[in-house]
Amino acid sequence: DSQTISYRAPGQTFRETPFRFTAIARGTEEKPFKLHKDIAVYQTKQDAIILRQGNVEKVVAASAKDKFFEPFLTADGAWVIYNGLYSGLYGYRIADGATFFFGNGSHASASEDGRYLVVSRTEDDGQDVTKAVLHVADLRTETPKFCEVNMGSELVLHPSYNAATS
């Protein structure tokens, strides 16, 4: 009924089945959700990334050799972040049209103010994830680059920001 948001129960492993979910009622968030007026990003059926500003659409990424997916705007509306299936993670800075290739990375998440971007960089043996490292980039630098965050032996698979701790 779209009245709740569900998420994986705390402490549940990714392999555990059946999945257990916790739900929260919509409208109970601590801070208001802010939409960007007249700006949106979407993926086409041809796996291109399109930025729409008002009535103007611009192709941010398209390739016959790659498939782009999971585009999102940072909370400040300054960046489009998206993935290339064969290439990796990209960021498109809207202000100047610069595109940055960030390399390997999955499950990108931006901080509430749009300044920081975190990703997980993983390695596997074909069956199991053997290494998953947290990387963070400051998107407000001239040329953003990721740096590794030492988490010890912890496997970081789906990083995200918490407004209370970011």
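Not measured: the values here are computed from a predicted model. (Residues numbered from 1 in each chain as written. Predicted model: local features only at pLDDT ≥ 70, side-chain atom pairs only at ≥ 80, totals over all residues. Heavy atoms only, no water.)

## Thoughts on the sheet that holds strand β11 (residues 116–124)
Part 1 of the argument: Reading across the sheet, the four strands line up as β10-β11-β12-β13 and stay open at both edges, with antiparallel pairing between neighbours. The two strands at the open ends of the sheet, each matched to only one other strand, are β10 (106–110) and β13 (147–149). Between one strand axis and the next, the sheet turns by 30° as a mean value, whatever way the strands run.
Part 2 of the argument: Sheet analysis places strand β12 (residues 129–138) next to β13, joined by three bridges and oriented antiparallel. Residue pairing for β13: H135 is matched across the bridge by E148. (Pairing = 2+ DSSP bridges. Helix = DSSP H or I, 4+ residues; strand = E, 2+ residues; numbered from the N terminus. Axes fitted to C-alpha atoms, helices over the stretch in contact; angles between N-to-C directions.)

## Describing the environment of L157
Part 1 of the argument: Checked against the element boundaries, L157 lands in the segment after β13.
Part 2 of the argument: Note: C-alpha distance between L157 and V129 (28 residues apart in sequence) is 9.0 Å.

## Brief notes about the pairing of β10
For a regular strand, the rule is simple: side chains alternate between the two faces of the sheet.
Part 1 of the argument: Sheet analysis places β10 next to β11, joined by three bridges and oriented antiparallel. Residue S109 lies in a different strand from β11, and its bridge partner there is V118.
Part 2 of the argument: In this structure, the hairpin formed by β10 and β11 is closed by a connection of five residues, where G114 is found at a positive phi of approximately 80°.

## Details of the sheet that holds strand β3 (residues 39–43)
Part 1 of the argument: The strand order β3-β4-β5 describes an open sheet built from three strands, whose pairing is antiparallel. Each end of this open sheet is capped by a strand with a single partner; those strands are β3 and β5 (56–61). Averaged over all adjacent pairs, the angle separating strand axes in this sheet is 25°, with direction ignored.
Part 2 of the argument: Bridge count between β3 and strand β4 (residues 49–53): five bridges; the pairing is antiparallel. In the sheet register, Y42 faces β4, and the bridge partner there is I50.

The quantities given are spatial measurements derived from coordinates; they are silent on function.
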